Amino acid sequence: MAEQTSVVTPERYGQGFTYPDYIAQINVNKDQFEKYTETAAGAVTADDDAFFSKAASMEGGAAKVLVLGEDWCPDVYRGLPVFTRIAEGAGMELRVFPRDENLDIMDEFLNRGEFRSIPTVVFYTKDGDYLCHWIERPAIGYAEGAQFVEEARKELPEGTEEAQVRQAARPKTLERYPAWQRATVEEMRAMLAEKLSI
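Numbers given for residues are sequential positions, taken from 1 along each chain in its written order. Under the rules for a predicted model, residues below a pLDDT of 70 receive no local features and side-chain atom pairs below 80 are neither given nor counted, while totals for whole chains, interfaces and linings still include all residues. Calculated side-chain values reflect all of the structure's heavy atoms, with hydrogen atoms and water omitted.

**Concerning empty space enclosed by the protein**
Right, on to step 1. Every definition here rests on a 1 Å grid over the protein atoms only: cavities are sets of points where a 1.4 Å probe fits but cannot get out, pockets are open sets enclosed by protein on both sides within 12 Å along at least five of seven lines, and lining residues have some atom within 4 Å of a point. Grid points are joined across faces, edges and corners, and a volume is the space filled by probe spheres set on the points. On inspection of all chains with the given rule, the structure shows 1 cavity of 30 Å³ or more.
Right, on to step 2. Taken as a whole, the largest cavity spans an internal volume of roughly 60 Å³.
Right, on to step 3. Forming the boundary of the largest cavity are Val 8, Thr 9, Pro 10, Tyr 13, Lys 64, Tyr 124 and Gly 128.
Right, on to step 4. Only Asp, Glu, Lys and Arg are considered charged in this grouping, and only Ala, Val, Leu, Ile, Met, Phe, Trp, Tyr, Cys and Pro are considered nonpolar; every other residue, Gly among them, is considered polar. When its residues are assigned to classes, the lining of the largest cavity shows 4 nonpolar, 2 polar and 1 charged.

**Topic: the layout of surface pockets**
Right, on to step 1. Space inside the largest pocket adds up to approximately 580 Å³.
Right, on to step 2. Lining the largest pocket are 23 residues, with Asp 75, Arg 137, Val 149, Arg 166 and Thr 173 sitting closest to its centre.
Right, on to step 3. The set of elements that each furnish at least two residues to the lining of the largest pocket consists of α5 (74–90), α7 (139–155) and α8 (162–196).
Right, on to step 4. Runs of E in the DSSP output that reach at least two residues are strands. Runs of H or I that reach at least four are helices, and both are numbered from the N terminus. When residues of the lining of the largest pocket are assigned to their parent elements, the largest contribution, 9 residues, is made by α8.
Right, on to step 5. For the lining of the largest pocket, a count of residues per class yields 11 nonpolar, 3 polar and 9 charged.

Written out as structure tokens, the structure reads:
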């Protein structure tokens, strides 16, 4: 079987937004991006900076980061500031692509082979060779998110619509976002450590 050719060529990668340019053109949630940029600063330690710097600078290392996201998505406004903080601290180049305008890229990184989950973060070498990717939220985020939804469901009348249940769970979820940011950093470290044998 022939190896699949990625649509993410060096030229295509270069067309992505820098983080400041992405923020300048978004339509919603600028305040949320600002809020979680502040908490992201505390989620990445000096030891993390040293690790990611090594991962970026080594031969065949993670010198480039591509992020797929949308400004309306809570996981994006929680996560993107973390990825940006990691990239800035490590000297990685980062480019942001709106998912809905770049479905061909998104479809290379489907969650469980079927979902267009965001954010999706892809690490490449300086030459644009794929290394690894991370999707949506850390394991603790999935577990706690499901727990908060179940707790909300028990407190609401039977037959409440799912969207209303999720909205009721939202305050608890938002309280945990800084912890999820830290867990994201730890998962990315583990992923790159394994991939790059650091």
